[in-house]
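Below, each chain spelled out in residue letters.
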Amino acid sequence: MSHHTGTARQVTSDPSSVDDSDCTILHVDMDAFFAMVEVRRRPELRGVPMMVAGASGGRGVVLSATYEARVSGVRSAMPTSAAMALCPGIVVVPPDHSAYAEASRAVMRMFADVTPLVEPLSVDEAFLDVAGARRRYGRPGFIAANLRARIRAELGLTATVGAASTKFVAKLASSLAKPDGLLLVPPSRVLDLLHPLPVRALWGVGPKTATRLASMGLITVGEIAAMDLPMLIGALGKANGIRLHDLAWGRDNRRVQGSSAADSSVGAESTFAVDSADPSFLAREMLALAEKTARRARLAGVRGRTISIKVRYEDFTTVTRSVTLSSPTDLSHTVYATALELLSKLRASGGGRVRLLGVRLEGLRPDDDVGEQLELGSGDPRPGWREAENAVDRAVARFGTSAIRPAALVERPERPRWSTRVCENRPDSDAR
Ligand SMILES: [Mg+2]
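Conventions and cut-offs
Residues numbered from 1 in each chain as written. Predicted model: local features only at pLDDT ≥ 70, side-chain atom pairs only at ≥ 80, totals over all residues. Helix = DSSP H or I, 4+ residues; strand = E, 2+ residues; numbered from the N terminus. Buried ≥ 20, exposed ≤ 12 C-beta atoms within 10 Å, placed from the backbone. Contact = placed C-beta atoms within 7 Å. Pairing = 2+ DSSP bridges. Axes fitted to C-alpha atoms, helices over the stretch in contact; angles between N-to-C directions. Expected span 1.5 Å × (residues − 1). Arc of directions from axis to C-beta. Left-handed = near helix turned anticlockwise from the far one by under 90°. Nonpolar A, V, L, I, M, F, W, Y, C, P; charged D, E, K, R; others polar. Core = buried A, V, L, I, M, F, W, Y, C linked by C-beta atoms within 7 Å. Parallel < 35°, antiparallel > 145°, perpendicular 65-115°, else oblique.

*Asks:* Just to check I follow, could you spell out the overall build of the protein chain for this structure?
*Replies:* Scanning the protein chain for helices and strands turns up 16 helices and 14 strands. With 432 residues in all, the protein chain has 41% of them scored as buried. If you take every contact in the protein chain between residues at least 6 apart in sequence, the share linking residues at least 24 apart comes to 69%.

Structure follows, in C-alpha coordinates:
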(Lines give C-alpha, C1' and ligand atoms only; values in the text may rest on other atoms or scores of the structure.)
Protein backbone atom coordinates (compact mmCIF):
# COMPACT_ATOMS: atom_id res chain seq x y z
CA MET A 1 0.00 0.00 0.00
CA SER A 2 1.39 3.34 -0.96
CA HIS A 3 1.77 5.81 1.83
CA HIS A 4 0.43 9.20 0.94
CA THR A 5 0.11 12.32 2.97
CA GLY A 6 -2.26 14.16 0.65
CA THR A 7 -5.99 13.73 0.42
CA ALA A 8 -7.15 10.26 -0.44
CA ARG A 9 -9.44 11.09 -3.31
CA GLN A 10 -11.09 14.07 -4.86
CA VAL A 11 -14.43 14.17 -6.56
CA THR A 12 -15.18 17.28 -8.46
CA SER A 13 -18.04 17.56 -10.88
CA ASP A 14 -17.45 19.99 -13.68
CA PRO A 15 -20.61 22.12 -13.50
CA SER A 16 -20.46 22.74 -17.25
CA SER A 17 -20.67 19.01 -18.06
CA VAL A 18 -23.72 18.15 -15.94
CA ASP A 19 -27.34 19.27 -16.27
CA ASP A 20 -27.50 20.72 -12.78
CA SER A 21 -30.53 22.97 -13.21
CA ASP A 22 -32.57 20.90 -10.73
CA CYS A 23 -29.74 20.46 -8.20
CA THR A 24 -31.08 23.30 -6.11
CA ILE A 25 -30.38 21.85 -2.67
CA LEU A 26 -26.76 22.16 -1.60
CA HIS A 27 -25.31 20.33 1.36
CA VAL A 28 -22.17 22.22 2.33
CA ASP A 29 -19.84 20.57 4.82
CA MET A 30 -16.52 22.01 5.96
CA ASP A 31 -13.61 19.56 5.75
CA ALA A 32 -11.99 18.55 9.09
CA PHE A 33 -13.28 21.83 10.44
CA PHE A 34 -11.66 22.22 13.89
CA ALA A 35 -8.39 20.73 12.64
CA MET A 36 -8.27 23.03 9.62
CA VAL A 37 -8.97 26.10 11.78
CA GLU A 38 -5.86 25.10 13.77
CA VAL A 39 -3.81 24.50 10.61
CA ARG A 40 -4.86 27.92 9.32
CA ARG A 41 -3.16 29.72 12.21
CA ARG A 42 -0.29 27.27 12.55
CA PRO A 43 0.93 26.63 8.99
CA GLU A 44 3.68 24.30 10.25
CA LEU A 45 0.87 21.79 10.88
CA ARG A 46 -0.09 21.67 7.20
CA GLY A 47 0.33 18.19 5.72
CA VAL A 48 1.03 16.68 9.14
CA PRO A 49 -1.08 14.00 10.89
CA MET A 50 -2.81 16.09 13.55
CA MET A 51 -5.92 15.99 15.67
CA VAL A 52 -7.86 18.31 17.91
CA ALA A 53 -8.54 16.19 20.97
CA GLY A 54 -9.23 16.24 24.66
CA ALA A 55 -6.60 15.28 27.24
CA SER A 56 -4.53 12.32 26.04
CA GLY A 57 -4.24 10.74 29.50
CA GLY A 58 -7.82 10.61 30.66
CA ARG A 59 -11.04 10.01 28.82
CA GLY A 60 -10.51 12.57 26.06
CA VAL A 61 -11.83 11.90 22.58
CA VAL A 62 -10.90 13.04 19.07
CA LEU A 63 -12.95 16.05 18.01
CA SER A 64 -11.46 16.52 14.55
CA ALA A 65 -8.52 15.07 12.63
CA THR A 66 -6.68 16.07 9.46
CA TYR A 67 -6.96 13.76 6.47
CA GLU A 68 -3.28 12.89 7.00
CA ALA A 69 -4.35 11.38 10.34
CA ARG A 70 -7.48 9.79 8.92
CA VAL A 71 -5.48 7.61 6.50
CA SER A 72 -4.17 5.85 9.63
CA GLY A 73 -7.72 5.19 10.78
CA VAL A 74 -8.10 8.12 13.18
CA ARG A 75 -11.75 9.18 13.43
CA SER A 76 -13.80 11.72 15.33
CA ALA A 77 -15.23 10.51 18.66
CA MET A 78 -12.63 7.76 19.15
CA PRO A 79 -10.66 7.89 22.42
CA THR A 80 -7.55 10.06 22.16
CA SER A 81 -5.41 7.16 23.39
CA ALA A 82 -6.73 4.87 20.64
CA ALA A 83 -5.94 7.50 18.00
CA MET A 84 -2.39 7.85 19.33
CA ALA A 85 -1.94 4.09 19.14
CA LEU A 86 -3.13 4.05 15.51
CA CYS A 87 -1.01 7.00 14.46
CA PRO A 88 2.20 7.23 16.48
CA GLY A 89 3.70 10.71 16.41
CA ILE A 90 0.34 12.38 15.67
CA VAL A 91 0.29 16.01 16.80
CA VAL A 92 -2.38 16.59 19.47
CA VAL A 93 -3.85 20.08 19.76
CA PRO A 94 -6.23 20.95 22.63
CA PRO A 95 -9.56 22.40 21.50
CA ASP A 96 -10.14 26.16 21.28
CA HIS A 97 -13.91 26.35 21.04
CA SER A 98 -14.12 30.11 20.81
CA ALA A 99 -11.92 30.05 17.70
CA TYR A 100 -14.19 27.41 16.12
CA ALA A 101 -17.32 29.37 17.01
CA GLU A 102 -15.89 32.45 15.35
CA ALA A 103 -14.93 30.49 12.22
CA SER A 104 -18.42 28.96 12.21
CA ARG A 105 -20.04 32.40 12.24
CA ALA A 106 -17.88 33.45 9.28
CA VAL A 107 -18.88 30.32 7.35
CA MET A 108 -22.59 30.78 8.13
CA ARG A 109 -22.43 34.42 7.03
CA MET A 110 -21.00 33.29 3.71
CA PHE A 111 -23.87 30.81 3.31
CA ALA A 112 -26.36 33.58 4.08
CA ASP A 113 -24.85 35.68 1.28
CA VAL A 114 -25.94 32.99 -1.18
CA THR A 115 -29.52 32.56 0.06
CA PRO A 116 -31.64 33.38 3.12
CA LEU A 117 -32.75 29.73 3.08
CA VAL A 118 -29.97 28.17 5.15
CA GLU A 119 -30.62 25.24 7.49
CA PRO A 120 -27.57 24.65 9.70
CA LEU A 121 -27.08 21.03 10.81
CA SER A 122 -24.08 21.72 13.01
CA VAL A 123 -21.35 24.34 13.43
CA ASP A 124 -19.80 23.45 10.10
CA GLU A 125 -22.50 22.11 7.82
CA ALA A 126 -25.79 23.32 6.38
CA PHE A 127 -28.37 22.82 3.68
CA LEU A 128 -28.84 25.74 1.30
CA ASP A 129 -31.85 26.06 -0.99
CA VAL A 130 -30.58 27.95 -4.03
CA ALA A 131 -33.67 27.61 -6.26
CA GLY A 132 -34.43 31.30 -5.83
CA ALA A 133 -30.78 32.35 -6.14
CA ARG A 134 -30.45 30.98 -9.68
CA ARG A 135 -31.82 34.06 -11.40
CA ARG A 136 -29.21 36.23 -9.74
CA TYR A 137 -26.20 33.93 -9.45
CA GLY A 138 -26.60 31.32 -12.18
CA ARG A 139 -26.82 27.56 -12.15
CA PRO A 140 -26.50 25.60 -8.89
CA GLY A 141 -23.17 24.08 -9.98
CA PHE A 142 -21.67 27.51 -10.46
CA ILE A 143 -23.17 28.76 -7.20
CA ALA A 144 -21.57 25.78 -5.43
CA ALA A 145 -18.21 26.19 -7.18
CA ASN A 146 -18.14 29.92 -6.38
CA LEU A 147 -19.02 29.30 -2.74
CA ARG A 148 -16.19 26.77 -2.42
CA ALA A 149 -13.76 29.18 -4.05
CA ARG A 150 -14.83 32.00 -1.74
CA ILE A 151 -14.48 29.84 1.38
CA ARG A 152 -10.98 28.89 0.29
CA ALA A 153 -9.90 32.42 -0.66
CA GLU A 154 -11.49 34.39 2.18
CA LEU A 155 -11.50 31.90 5.06
CA GLY A 156 -8.48 29.76 4.18
CA LEU A 157 -10.58 26.62 4.69
CA THR A 158 -12.02 23.98 2.39
CA ALA A 159 -15.60 22.80 2.03
CA THR A 160 -17.23 19.92 0.21
CA VAL A 161 -20.56 20.44 -1.53
CA GLY A 162 -23.15 17.89 -2.60
CA ALA A 163 -25.92 19.23 -4.83
CA ALA A 164 -29.15 17.45 -5.74
CA SER A 165 -32.89 18.00 -5.88
CA THR A 166 -33.43 16.42 -2.45
CA LYS A 167 -31.82 16.87 0.95
CA PHE A 168 -31.07 13.18 1.27
CA VAL A 169 -29.17 12.91 -2.02
CA ALA A 170 -27.36 16.24 -1.48
CA LYS A 171 -26.03 15.05 1.88
CA LEU A 172 -25.09 11.68 0.44
CA ALA A 173 -23.29 13.42 -2.44
CA SER A 174 -21.18 15.55 -0.11
CA SER A 175 -20.19 12.48 1.92
CA LEU A 176 -19.08 10.78 -1.31
CA ALA A 177 -17.15 13.86 -2.50
CA LYS A 178 -15.16 14.50 0.71
CA PRO A 179 -12.69 16.06 1.14
CA ASP A 180 -12.50 19.26 -0.88
CA GLY A 181 -14.93 18.07 -3.53
CA LEU A 182 -18.10 18.95 -5.39
CA LEU A 183 -20.61 16.37 -6.57
CA LEU A 184 -23.70 17.31 -8.57
CA VAL A 185 -26.36 14.62 -8.83
CA PRO A 186 -29.16 15.49 -11.27
CA PRO A 187 -32.46 13.62 -10.81
CA SER A 188 -31.74 11.40 -13.83
CA ARG A 189 -28.56 10.07 -12.15
CA VAL A 190 -29.91 9.47 -8.65
CA LEU A 191 -30.85 5.80 -8.98
CA ASP A 192 -27.56 4.86 -10.69
CA LEU A 193 -25.73 6.42 -7.77
CA LEU A 194 -28.02 5.10 -5.06
CA HIS A 195 -28.83 1.50 -5.91
CA PRO A 196 -25.35 -0.09 -5.68
CA LEU A 197 -24.69 1.52 -2.26
CA PRO A 198 -25.02 -0.44 1.00
CA VAL A 199 -28.28 0.10 2.95
CA ARG A 200 -26.39 2.18 5.52
CA ALA A 201 -26.27 4.97 2.92
CA LEU A 202 -29.98 5.59 3.55
CA TRP A 203 -30.75 8.33 6.03
CA GLY A 204 -31.72 6.84 9.38
CA VAL A 205 -30.35 3.33 8.76
CA GLY A 206 -28.04 2.55 11.69
CA PRO A 207 -26.26 -0.70 12.56
CA LYS A 208 -29.40 -2.18 14.13
CA THR A 209 -31.65 -1.60 11.12
CA ALA A 210 -28.84 -2.69 8.77
CA THR A 211 -28.60 -6.01 10.61
CA ARG A 212 -32.35 -6.40 10.45
CA LEU A 213 -32.32 -5.71 6.70
CA ALA A 214 -29.38 -8.08 6.16
CA SER A 215 -31.38 -10.84 7.85
CA MET A 216 -34.02 -10.28 5.15
CA GLY A 217 -31.31 -10.55 2.48
CA LEU A 218 -31.26 -6.79 1.83
CA ILE A 219 -27.69 -5.56 1.46
CA THR A 220 -27.93 -2.76 -1.12
CA VAL A 221 -30.25 0.19 -1.55
CA GLY A 222 -31.33 -1.28 -4.90
CA GLU A 223 -32.55 -4.40 -3.11
CA ILE A 224 -34.72 -2.27 -0.81
CA ALA A 225 -36.12 -0.44 -3.84
CA ALA A 226 -36.99 -3.76 -5.49
CA MET A 227 -38.61 -5.09 -2.33
CA ASP A 228 -42.38 -5.41 -2.14
CA LEU A 229 -43.56 -2.45 -0.03
CA PRO A 230 -46.10 -4.36 2.14
CA MET A 231 -43.33 -6.83 3.07
CA LEU A 232 -41.00 -4.00 3.99
CA ILE A 233 -43.75 -2.43 6.11
CA GLY A 234 -44.40 -5.79 7.75
CA ALA A 235 -40.74 -6.02 8.77
CA LEU A 236 -40.00 -2.41 9.75
CA GLY A 237 -43.36 -0.87 10.63
CA LYS A 238 -45.39 1.46 8.48
CA ALA A 239 -43.50 4.74 8.91
CA ASN A 240 -40.01 3.26 8.56
CA GLY A 241 -41.00 0.92 5.75
CA ILE A 242 -42.48 3.71 3.65
CA ARG A 243 -39.62 6.10 4.43
CA LEU A 244 -36.87 3.66 3.45
CA HIS A 245 -38.71 2.62 0.31
CA ASP A 246 -39.10 6.28 -0.68
CA LEU A 247 -35.45 7.05 0.02
CA ALA A 248 -34.37 3.97 -1.96
CA TRP A 249 -36.20 5.48 -4.94
CA GLY A 250 -34.60 8.87 -4.30
CA ARG A 251 -37.83 10.38 -2.98
CA ASP A 252 -37.49 12.85 -0.13
CA ASN A 253 -39.75 15.88 -0.02
CA ARG A 254 -38.36 17.53 3.09
CA ARG A 255 -37.63 21.16 2.44
CA VAL A 256 -34.75 23.27 3.59
CA GLN A 257 -35.93 25.02 6.77
CA GLY A 258 -34.38 28.20 8.05
CA SER A 259 -33.31 27.48 11.63
CA SER A 260 -35.91 29.93 12.94
CA ALA A 261 -38.43 32.38 11.59
CA ALA A 262 -35.98 35.20 12.28
CA ASP A 263 -33.26 33.58 10.17
CA SER A 264 -35.63 32.94 7.33
CA SER A 265 -36.79 36.50 6.89
CA VAL A 266 -35.96 39.77 5.19
CA GLY A 267 -36.81 43.17 6.53
CA ALA A 268 -35.91 46.77 7.11
CA GLU A 269 -36.33 49.25 9.91
CA SER A 270 -35.67 52.88 10.49
CA THR A 271 -35.22 55.10 13.53
CA PHE A 272 -36.49 58.65 12.99
CA ALA A 273 -34.49 61.79 13.67
CA VAL A 274 -37.57 63.19 15.40
CA ASP A 275 -40.32 61.08 17.04
CA SER A 276 -43.59 61.42 15.14
CA ALA A 277 -47.31 60.71 15.46
CA ASP A 278 -48.16 62.12 12.01
CA PRO A 279 -50.10 59.42 10.08
CA SER A 280 -48.98 60.56 6.64
CA PHE A 281 -45.33 60.70 7.71
CA LEU A 282 -45.62 57.19 9.19
CA ALA A 283 -47.34 55.90 6.02
CA ARG A 284 -44.54 57.31 3.82
CA GLU A 285 -41.89 55.70 6.02
CA MET A 286 -43.81 52.45 5.95
CA LEU A 287 -43.89 52.60 2.15
CA ALA A 288 -40.12 53.02 1.93
CA LEU A 289 -39.55 50.13 4.36
CA ALA A 290 -42.04 47.88 2.54
CA GLU A 291 -40.35 48.58 -0.79
CA LYS A 292 -36.91 47.86 0.64
CA THR A 293 -38.15 44.63 2.22
CA ALA A 294 -39.94 43.37 -0.89
CA ARG A 295 -37.01 44.27 -3.13
CA ARG A 296 -34.67 42.28 -0.87
CA ALA A 297 -37.00 39.30 -1.22
CA ARG A 298 -37.15 39.66 -5.01
CA LEU A 299 -33.38 39.95 -5.32
CA ALA A 300 -32.94 36.81 -3.21
CA GLY A 301 -35.63 35.02 -5.26
CA VAL A 302 -37.81 34.30 -2.23
CA ARG A 303 -41.35 35.05 -1.08
CA GLY A 304 -42.82 35.04 2.41
CA ARG A 305 -46.30 34.58 3.84
CA THR A 306 -46.03 36.38 7.14
CA ILE A 307 -45.70 40.13 7.32
CA SER A 308 -44.82 41.74 10.61
CA ILE A 309 -44.36 45.30 11.76
CA LYS A 310 -42.45 46.65 14.70
CA VAL A 311 -43.28 49.95 16.35
CA ARG A 312 -41.14 51.49 19.06
CA TYR A 313 -42.61 54.46 20.92
CA GLU A 314 -40.83 57.46 22.35
CA ASP A 315 -40.75 55.76 25.76
CA PHE A 316 -39.04 52.74 24.11
CA THR A 317 -42.07 50.49 24.51
CA THR A 318 -41.93 48.16 21.53
CA VAL A 319 -44.88 46.39 19.96
CA THR A 320 -44.99 43.93 17.08
CA ARG A 321 -47.97 42.84 15.03
CA SER A 322 -48.06 40.21 12.34
CA VAL A 323 -50.42 38.59 9.92
CA THR A 324 -50.12 35.53 7.70
CA LEU A 325 -51.38 35.78 4.12
CA SER A 326 -53.05 32.93 2.26
CA SER A 327 -50.00 32.62 -0.01
CA PRO A 328 -46.45 34.00 -0.16
CA THR A 329 -45.60 37.35 -1.69
CA ASP A 330 -42.60 39.41 -2.75
CA LEU A 331 -44.57 42.45 -3.92
CA SER A 332 -44.01 45.89 -2.41
CA HIS A 333 -47.70 46.62 -2.94
CA THR A 334 -48.84 43.70 -0.79
CA VAL A 335 -46.23 44.21 1.90
CA TYR A 336 -47.08 47.90 2.10
CA ALA A 337 -50.85 47.48 2.16
CA THR A 338 -50.61 44.79 4.84
CA ALA A 339 -48.11 46.66 6.98
CA LEU A 340 -50.13 49.85 6.74
CA GLU A 341 -53.29 48.11 7.84
CA LEU A 342 -51.48 46.55 10.82
CA LEU A 343 -50.15 49.99 11.71
CA SER A 344 -53.55 51.72 11.42
CA LYS A 345 -55.17 49.15 13.69
CA LEU A 346 -52.41 49.55 16.21
CA ARG A 347 -52.59 53.34 16.10
CA ALA A 348 -56.38 53.23 16.49
CA SER A 349 -55.86 51.64 19.88
CA GLY A 350 -53.68 54.50 21.06
CA GLY A 351 -49.96 54.94 21.60
CA GLY A 352 -47.74 58.00 21.59
CA ARG A 353 -45.17 59.32 19.19
CA VAL A 354 -43.20 56.75 17.22
CA ARG A 355 -39.43 56.54 17.33
CA LEU A 356 -38.82 53.47 15.14
CA LEU A 357 -40.73 51.52 12.48
CA GLY A 358 -39.81 48.13 11.06
CA VAL A 359 -41.23 45.68 8.53
CA ARG A 360 -40.34 42.01 8.05
CA LEU A 361 -41.36 39.33 5.59
CA GLU A 362 -41.06 35.89 7.19
CA GLY A 363 -41.45 32.20 6.41
CA LEU A 364 -39.50 32.53 3.17
CA ARG A 365 -39.65 30.03 0.32
CA PRO A 366 -37.93 30.03 -3.08
CA ASP A 367 -40.25 31.84 -5.45
CA ASP A 368 -40.29 29.07 -8.07
CA ASP A 369 -42.16 26.89 -5.59
CA VAL A 370 -45.12 29.15 -5.98
CA GLY A 371 -47.21 27.91 -8.87
CA GLU A 372 -48.92 30.58 -10.96
CA GLN A 373 -52.29 29.01 -10.18
CA LEU A 374 -51.70 29.70 -6.50
CA GLU A 375 -51.49 33.39 -7.19
CA LEU A 376 -55.20 33.50 -7.85
CA GLY A 377 -55.86 32.90 -4.19
CA SER A 378 -53.06 35.04 -2.88
CA GLY A 379 -53.05 38.40 -1.22
CA ASP A 380 -51.31 39.82 -4.26
CA PRO A 381 -53.17 42.29 -6.41
CA ARG A 382 -54.13 41.97 -10.06
CA PRO A 383 -51.66 40.60 -12.62
CA GLY A 384 -49.36 43.27 -13.92
CA TRP A 385 -48.07 44.31 -10.53
CA ARG A 386 -45.22 41.85 -10.70
CA GLU A 387 -44.16 43.23 -14.08
CA ALA A 388 -44.46 46.78 -12.79
CA GLU A 389 -42.33 46.06 -9.74
CA ASN A 390 -39.76 44.09 -11.73
CA ALA A 391 -39.47 47.09 -14.02
CA VAL A 392 -38.91 49.27 -10.97
CA ASP A 393 -36.19 46.88 -9.75
CA ARG A 394 -34.44 47.16 -13.10
CA ALA A 395 -34.68 50.95 -13.06
CA VAL A 396 -33.34 51.09 -9.51
CA ALA A 397 -30.47 48.78 -10.47
CA ARG A 398 -29.70 50.98 -13.46
CA PHE A 399 -30.17 54.44 -12.04
CA GLY A 400 -29.46 53.68 -8.40
CA THR A 401 -32.45 55.56 -7.06
CA SER A 402 -35.48 54.27 -5.22
CA ALA A 403 -37.52 57.34 -6.06
CA ILE A 404 -39.18 55.35 -8.86
CA ARG A 405 -42.35 53.46 -7.98
CA PRO A 406 -45.70 52.53 -9.49
CA ALA A 407 -47.92 55.55 -8.85
CA ALA A 408 -50.88 53.55 -7.55
CA LEU A 409 -48.68 52.12 -4.83
CA VAL A 410 -48.51 55.52 -3.22
CA GLU A 411 -52.12 56.49 -3.72
CA ARG A 412 -54.38 53.72 -2.58
CA PRO A 413 -53.06 50.28 -1.72
CA GLU A 414 -55.59 47.52 -2.22
CA ARG A 415 -56.27 45.61 0.95
CA PRO A 416 -54.96 42.06 0.61
CA ARG A 417 -57.11 39.09 1.49
CA TRP A 418 -56.04 37.57 4.77
CA SER A 419 -56.63 33.99 5.73
CA THR A 420 -55.10 33.31 9.09
CA ARG A 421 -54.65 36.12 11.52
CA VAL A 422 -51.75 35.90 13.89
CA CYS A 423 -51.98 39.27 15.53
CA GLU A 424 -50.20 39.17 18.79
CA ASN A 425 -48.55 41.56 21.12
CA ARG A 426 -45.19 40.20 22.08
CA PRO A 427 -42.50 42.24 23.76
CA ASP A 428 -39.52 42.83 21.55
CA SER A 429 -36.33 41.17 22.71
CA ASP A 430 -34.21 44.23 22.04
CA ALA A 431 -36.62 46.68 23.69
CA ARG A 432 -34.98 48.64 26.42
MG1 LIG B 1 -17.64 18.81 8.53
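*Asks:* Help me understand the sheet that holds strand β8 (residues 182-184), please; the structure alone is not making it clear to me.
*Replies:* In space, the five strands of this open sheet follow the order β5-β6-β1-β7-β8, with mixed pairing throughout. A strand with exactly one partner marks an edge of an open sheet, and here the two such strands are β5 (118-122) and β8. Taking each pair of neighbouring strands and ignoring which way they run, the sheet shows an average axis angle of 15 degrees. One ladder, built from four bridges, connects β5 with strand β6 (residues 125-129); its direction is antiparallel. Each bridged residue has a counterpart across the sheet, and for Ser122 the counterpart in β6 is Glu125. Sheet strands in contact with helix α6 (residues 140-155) are β1 (25-30), β7 (159-164) and β8, and its direction is about 170 degrees off that of β7.

*Asks:* Got a minute to help me understand the pairing of strand β2 (residues 50-53) in this structure?
*Replies:* Remember that side chains alternate between the two faces of the sheet whenever the strand is regular. Because side chains alternate across β2, one face comprises the buried residues Met50 and Val52, and the other comprises Met51 and Ala53, equally buried. As defined by bridge partners, β2 adjoins strand β3 (residues 62-65) across three bridges and the pair is classed as antiparallel. Paired with Ala53 across the strands is Val62, a residue of β3.

*Asks:* So what exactly am I meant to see when it comes to the environment of Thr317 here?
*Replies:* As for its position among the elements, Thr317 is in the loop between β10 (302-313) and β11 (318-329). When the 15 C-beta atoms within 10 Å are taken as the criterion, Thr317 is described as partly exposed.

*Asks:* Would you mind showing me how to read helix α4 (residues 97-114) here?
*Replies:* Note that an α-helix has 3.6 residues per turn; residues three or four places apart therefore point the same way. Its 18 residues place the ends of α4 26 Å apart at the C-alpha level, agreeing with the 26 Å of an ideal helix rising 1.5 Å per residue. If you check which residues of α4 are buried, you get Ala103, Ser104, Val107, Phe111 and Val114. When α4 is viewed along its axis, its buried side chains cluster within an angular range of 105 degrees and face the same direction. Opposite the buried face of α4, by more than 90 degrees, sit the exposed residues Ser98, Ala101, Glu102, Arg105, Ala106 and Arg109. At its buried positions, α4 is contacted by β1, α1 (33-41), β5, β6 and α6.

*Asks:* What should I look at first to understand the packing of α4 against α6 in this one?
*Replies:* Pairs of packed helices are described in terms of their axes, by the angle between the two and the distance that separates them. Relative to each other, α4 and α6 sit at 145 degrees, their axes nearing to 11 Å. In this structure, the crossing between α4 and α6 has a hand that is right-handed. When α4 is examined against α6, the residues Ala106, Val107, Met110 and Val114 are found in contact with a partner set consisting of Ile143, Leu147, Arg150, Ile151 and Leu155. Counted by class, the contact of α4 with α6 contains eight nonpolar, no polar and one charged residues.

*Asks:* I would appreciate a short explanation of the nonpolar core in the present structure.
*Replies:* In globular proteins that are soluble, nonpolar side chains generally tend to be buried together. In this structure, Leu26, Met51, Leu128, Ala163, Met286 and Ala339 are the most contacted members of the largest nonpolar core, which totals 99 residues. Examining the composition of this core, we find that eight residues originate from one element, helix α13 (residues 279-300), more than from any other. If we ignore the near neighbours within four places in the chain, the residues touching Met51 are Ala35, Val62, Ser64, Ala65, Ala69, Val74, Ala83, Ile90 and Val92.

*Asks:* Mind showing me how you'd approach the sheet that holds strand β4 (residues 91-93) here?
*Replies:* Picture the strands of a sheet paired through backbone hydrogen bonds; they go either parallel or antiparallel. The strand order across the open sheet formed by three strands is β3-β2-β4, and the pairing between neighbours is mixed. A single partner strand is all that each edge strand has here, and the edge strands are β3 and β4. In this sheet, adjacent strand axes meet at a mean angle of 30 degrees when their direction is disregarded.

*Asks:* Looking at this model, I keep getting lost on unusual backbone geometry. Mind explaining?
*Replies:* Outside of glycine, negative phi angles account for most residues, and trans bonds account for most peptide bonds. Following Lys178, the chain continues into Pro179 via a peptide bond in cis, with omega recorded as -10 degrees. When you line up the elements, Pro179 lands in the loop between α7 (167-177) and β8. A positive phi angle, close to 40 degrees, is found at Ala32, a residue other than glycine. Inspection of the secondary structure puts Ala32 in the loop between β1 and α1. Residue class for Ala32 comes out buried when judged on the 26 C-beta atoms lying within 10 Å of it. The backbone of Ala77 shows a phi angle near 80 degrees, a positive value even though the residue is not glycine. In this structure, Ala77 sits in the loop between α2 (67-70) and α3 (80-86). For Ala77, a count of 7 C-beta atoms within 10 Å corresponds to the exposed category.

*Asks:* It is not clear to me how the packing of α1 against α4 should be interpreted in this structure. Could you clarify?
*Replies:* At a minimum axis separation of 10 Å, α1 and α4 run at an interaxial angle of 100 degrees. One finds that α1 runs roughly perpendicular with respect to α4. Here Phe33, Phe34 and Val37 of α1 lie close against α4, whose contacting residues are Ala99, Tyr100 and Ala103. Partitioned by chemical class, the residues of the contact of α1 with α4 number six nonpolar, no polar and no charged.

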